[in-house]
Amino acid sequence: MADAHFVMPAFVLRNLSDKLYEKRKNAALEVEGVVKQLASAGDHERITAVINLLTNEFTMSPQANHRKGGLIGLAAATVGLTSDASQHLEQIVPPVLNSFSDQDSRVRYYACEALYNIAKVVRGDFIVFFNQIFDALCKLSADSDANVQSAAHLLDRLVKDIVTESDQFSIEEFIPLLRERMNVLNPYVRQFLVGWITVLDSVPDIDMLGFLPDFLDGLFNMLSDSSHEIRQQADSALSEFLQEIENSPSVDYGRMVEILVQRASSSDEFTRLTAIIWINEFVKLGGDQLVPYYADILGAILPSIADKEEKIRVVARETNEELRNVKAAPSEGFDVGAILSIARRQLSSEHEATRIEALHWISTLLNRHRTEVLIYLNDILDSLLQALSDSSDKVVLLVLDVHACIAKDQQHFRQLVVFLVQNFRINNSLLEKRGALIIRRLCVLLNAERVYRELSTILEGESDLDFASIMVQALNLILLTSSELSDLRDLLKKSLVHAAGKDLFVSLYASWCHSPMAILSLCLLAQTYQHASAVIQSLVEEDINVKFLVQLDKLIRLLETPVFAYLRLQLLEPGRYIWLLKVLYGLLMLLPQQSAAFKILQTRLKTVPPYSFSGEHFKQLSSGNSYSTLMHMSGLNINEDGDVSQNAGNSHNGIDFAARLQQFEHMQHRHRLRSKEQTLSRTSPPPQLKEVKIPEETRQSGSGEGAEINRPPSRSSRRGAGQL
């Protein structure tokens, strides 16, 4: 230190700490001259002493003017060293960098100025301190003093020039520093960072694209900045990188996809749009690399299909189609389960468009990877069933398409119908609002006869009798009114002459027994009129209630529709269709005379052409004698239900109507028991319902309510045929 004082005149050291800038400047020139002489002499020991003097007694001084003088002196010493400066940079640069955090803004300003002059001298040798300099400049870019910011900008430009022309710059060491600062919110720092990213990307020897995943998220973060200039700079940088990706033979798509998927759900519209555009390009360019990330990409695309911004919706739909057109196999990393999980999750989206596309994906997967999808069937089935209650008809129809695709196998067909019935049982509104749509669509997709047979089998053993009755009534109404079931109606019309029609009639009969009106409708459709008459006569007082009359009203109105046109035309031949007349008159007698249905049916019957019966005819008819006897009396070879037949002996086609009637009576007996149990449970305390005691005289007589509860009605106890 003594050597430094010896070589450096006292007035120079004094002026170096003067408050006047001119004196400090002149003193700095003196320092430059002294150092230059020492460098020429090769006396680097004394040069080191001078630098230590400037560092310890000036840059580290508590006096601001001393610190300013020290910074100017270090810069002057570097200028004096010229080509030898690199030997002493380890001493010169650190005190200057420390001054960047000085409390005095003028000291920070002089630090920028000093480092600028040092950098101009040493150029490429300066790179060894790049990370420390970058860190200091990053802080100074957001300095509170405008002059300091201005000086920092000048220094920043010089450092960029030095880096772009240097072959010593290490991008690997720089990237961690950049990554740490990419999420800073300060707008000045953001501009500083984007500037550096752009500059480094322009250097041919620096592969910024390879490190893009390290700072991509930060760039996307800047797209939502409040400053238009920053948004524009970030967008420009991203556009440049995307163009490089399109032209690059090898890109690490995986890490970037994760970032893009997150940004696709940003609250900022511009960020979402940019992310979707990137994803779109990735899907087109990525090929096999993207296969493991399809589920993540789909998770970002499906919600974007319903975005409020039209541009995003357009790009998202295009991307969705591109993704669906890629036919990758599970062996290639295509994760069917993950994609199904995403699609299932999106079924609960509030947006109809998203739910529709999710169903399209499930359908696509079923067509391409059926075996793999069925493995995950239990994971998605509940969501698919819940989707049947969707508010959108389009969604419901697509769900049914998916269900139908699953139900191609008998095992899954049975499972689907069982789940559907369970859903209808749990959710009454679903049956009411969507029942017809669901059943009709399934009949189109899975064969109406197959669907109705399966439903009938399930409902036949249904323990909830009230639900079974409601469900059968709904199915019956669909059967009678839907154009999709016209073939099924035609088959039922042949029940007496066609084996397939007979099998279907018997199959449906078992569950249609839950509803008297459904059975009557089925019999009218199958033209088993004599049996329909027997069903009417089997009804007892308890069966004729409000629900029954409401259903009867519906049936009477249905008789006036085109579906039953054949029945109305049969009334033109009353002698041939006597049992049909008896059925219609029987229904008329059950209706209240003041009801609209009574007037409709009465008016229809008034149009029937007159047919003369002798007193003996009516006596035979009302006494319940065989209908064939009556037909023999009238000279016609006609089967029991009025159809002309060449072989009357085979007219029933093997249908055991007596057994069917017993089946109906037994089911209605169960319904009456159920109704009485419900009535008792509402009127009596639960403890008193343990046992219902029947009076001894009632058991002996075999009549009365108790007998009915404990014994199904028999044919012998019924009213005589023809007695309503």
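About the cut-offs
- Residues numbered from 1 in each chain as written.
- Predicted model: local features only at pLDDT ≥ 70, side-chain atom pairs only at ≥ 80, totals over all residues.
- Heavy atoms only, no water.
- UniProt positions renumbered as here; feature names shortened; annotations may be inferred.
- Helix = DSSP H or I, 4+ residues; strand = E, 2+ residues; numbered from the N terminus.
- Buried < 20%, exposed > 50% of the residue type's maximum accessible area, 1.4 Å probe, protein only.
- Contact = heavy atoms within 4.5 Å.
- Areas by Shrake-Rupley, 256 points an atom, 1.4 Å probe, with all protein chains shown as cover.
- Expected span 1.5 Å × (residues − 1).
- Core = buried A, V, L, I, M, F, W, Y, C linked by side-chain atoms within 4.5 Å.
- Phe/Tyr/Trp six-rings, centres within 6.5 Å; stacked < 30°, edge-to-face > 60°.
- Lys NZ or Arg CZ within 6 Å of the ring centre and 35° of its normal.
- Axes fitted to C-alpha atoms, helices over the stretch in contact; angles between N-to-C directions.
- Left-handed = near helix turned anticlockwise from the far one by under 90°.
- Nonpolar A, V, L, I, M, F, W, Y, C, P; charged D, E, K, R; others polar.
- Salt bridge = Lys/Arg side-chain N within 4 Å of Asp/Glu carboxyl O.
- Polar contact = N/O pair within 3.5 Å; in protein donor to acceptor, adjacent residues only side chain to side chain.

The protein is annotated in an unreviewed UniProt entry as Protein VAC14 homolog of Cucurbita maxima. Its UniProt record, at the heading Sequence similarities (unreviewed entry), says of the protein: "Belongs to the VAC14 family." Quoted verbatim from the Subcellular location (unreviewed entry) field of the UniProt record, the comment on the protein reads "Endomembrane system".

Trainee: Explain the overall build of the protein to me, please; I cannot follow it from the model alone.
Mentor: What the protein contains, in helices and strands, is 39 helices and zero strands. Expressed as a percentage of the 724 residues in the protein, the buried residues total 51%. Taking all contacts inside the protein whose residues are at least 6 apart in sequence as the whole, residues at least 24 apart take part in 71%. Accessible surface, the protein as shown: approximately 33,600 Å² in total, 48% of it carbon and sulfur.

Trainee: Explanation requested: the UniProt feature "repeat: HEAT" (unreviewed entry) in the protein in the structure shown.
Mentor: Taking the UniProt record as the reference, the feature "repeat: HEAT" (unreviewed entry) is found at residues 92-127. A helix fraction of 69% and a strand fraction of 0% characterise residues 92-127, whose end C-alpha atoms lie 14 Å from each other.

Trainee: Help me understand unusual backbone geometry in this model?
Mentor: When glycine is set aside, most residues are seen to have a negative phi, and most peptide bonds are trans. Not every positive phi belongs to a glycine, and Thr-82 is a case in point at roughly 50 degrees. Within the fold, Thr-82 resides in the loop between helix H5 (64-81) and helix H6 (89-98). For Thr-82, a relative accessible area of 46% translates into the label partly exposed. You will see that Gln-527, though not glycine, has its phi angle at about 65 degrees, which is positive. In this fold, Gln-527 is placed in the loop between helix H29 (516-526) and helix H30 (529-538). Here Gln-527 falls in the buried class, since its relative accessible area comes to 10%.

Trainee: Teacher, can you tell me more about helix H7 (residues 105-122) here?
Mentor: Along an α-helix, a turn takes 3.6 residues, which lines up residues three or four apart on a common side. A rise of 1.5 Å per residue sets the reference length of H7, with its 18 residues, at 26 Å; its end C-alpha atoms lie 26 Å apart and thus fit the reference within 8%. Residues of H7 that are buried: Val-107, Arg-108, Tyr-110, Ala-111, Cys-112, Ala-114, Leu-115, Ile-118, Ala-119 and Val-122. Buried residues belonging to H7 abut helix H3 (21-41), H5, H6, helix H8 (130-140) and helix H9 (146-165).

Trainee: Where do I start with the nonpolar core in this structure?
Mentor: Nonpolar side chains in soluble globular proteins generally cluster together in the buried interior. With 236 residues, the main nonpolar core has Trp-278 and Tyr-452 as its most contacted residues. Here Tyr-452 is in contact with Ile-439, Cys-443, Leu-475, Ile-478, Leu-479, Leu-485, Leu-488, Leu-508 and Trp-512, once residues within four sequence places are set aside.

Trainee: Sorry, what's going on with the packing of aromatic side chains here?
Mentor: Each aromatic ring pair is summarised here by two numbers: the centre-to-centre distance and the angle between the ring planes. Scanning all chains against the criterion turns up 21 aromatic pairs. Their ring planes at 75 degrees and their centres at 5.9 Å tell us that Phe-220 and Trp-278 sit as a pair that is edge-to-face. In this pair, Phe-220 is assigned in helix H12 (residues 212-222) and Trp-278 in helix H15 (residues 269-286), connecting sequence segments 58 residues apart. Residues Phe-220 and Trp-278 agree in their burial class; the two are buried. Between Phe-505 and Tyr-509 the ring centres are 5.6 Å apart and the planes differ by 55 degrees, which places this aromatic pair in the tilted class. Taken together, the residues Phe-505 and Tyr-509, both in helix H28 (residues 499-512) and four residues apart, mark about one turn of the helix. A residue is classified by how much of its surface remains accessible, and Tyr-509, at 0% relative accessible area, is buried. Aromatic ring contacts, followed pair by pair, group Phe-130, Phe-134, Phe-169, Phe-174, Phe-192 and Trp-196 into a single cluster. The ring of Phe-413 carries Arg-450 above its face, with NZ or CZ at 3.8 Å from the centroid.

Trainee: When you look at the packing of helix H16 (residues 294-304) against helix H17 (residues 310-325) in this model, what are you seeing that I'm missing?
Mentor: Each packed pair of helices is defined by two parameters, the angle between the axes and the distance between the axes. One way to put it is that H16 packs onto H17 with a least axis distance of 9 Å and a crossing angle of 145 degrees. Considering how the two elements wind past one another, H16 and H17 form a crossing that is left-handed. Taken together, the residues of H17 that come into contact with H16 (itself represented by Tyr-294, Ile-297, Leu-298, Ile-301, Leu-302 and Ser-304) are Ile-312, Arg-313, Ala-316, Thr-319, Asn-320 and Leu-323. Of the residues assigned to the contact of H16 with H17, the class counts are eight nonpolar, three polar and one charged.

Trainee: For this particular structure, what's the right way to read the pattern of salt bridges?
Mentor: As a working rule, side chains carrying opposite charge can pair if their charged atoms are close by. This model, assessed by the stated rule, comprises 33 salt bridges. When the shortest N-O distance is used, the salt bridge between Arg-440 and Glu-484 registers 3.0 Å. Separated by 44 residues along the polypeptide, Arg-440 in helix H24 (residues 428-446) and Glu-484 in the loop between helix H26 (465-481) and helix H27 (486-493) bring together distant segments of the chain. Across the pair Glu-573 and Arg-576 runs a salt bridge, and its minimum N-O distance is 3.5 Å. By relative accessible area, Arg-576 is classed as partly exposed at 21%. Members of the salt-bridge network, linked through shared partners, are Asp-135, Lys-139, Glu-180 and Arg-181.

Trainee: Is there a simple way to explain the side chain of Thr-55 in this structure?
Mentor: Tracing the sequence through the fold places Thr-55 in helix H4 (residues 44-59). Apart from the residues within four sequence positions on either side, Thr-55 is in contact with Met-60, Leu-74, Gln-91 and Pro-95.

Trainee: Sorry, what's going on with H3 here?
Mentor: Under the 1.5 Å per step criterion, the end-to-end length of H3 is 30 Å for 21 residues, consistent within 8% with the ideal 30 Å. The set of residues buried in H3 consists of Arg-24, Ala-27, Ala-28, Val-31, Glu-32, Val-34, Val-35, Leu-38 and Ala-39.

Trainee: Teacher, can you tell me more about the environment of Asp-409 here?
Mentor: Positionally, Asp-409 belongs in the loop between helix H22 (393-406) and helix H23 (410-426). The class for Asp-409 is partly exposed, based on a relative accessible area of 31%. Asp-409 has contacts with Arg-370, Leu-374 and Arg-450, leaving out every residue within four places of it along the chain. There is a polar contact of 3.3 Å between the side chain of Asp-409 and the side chain of Arg-370.

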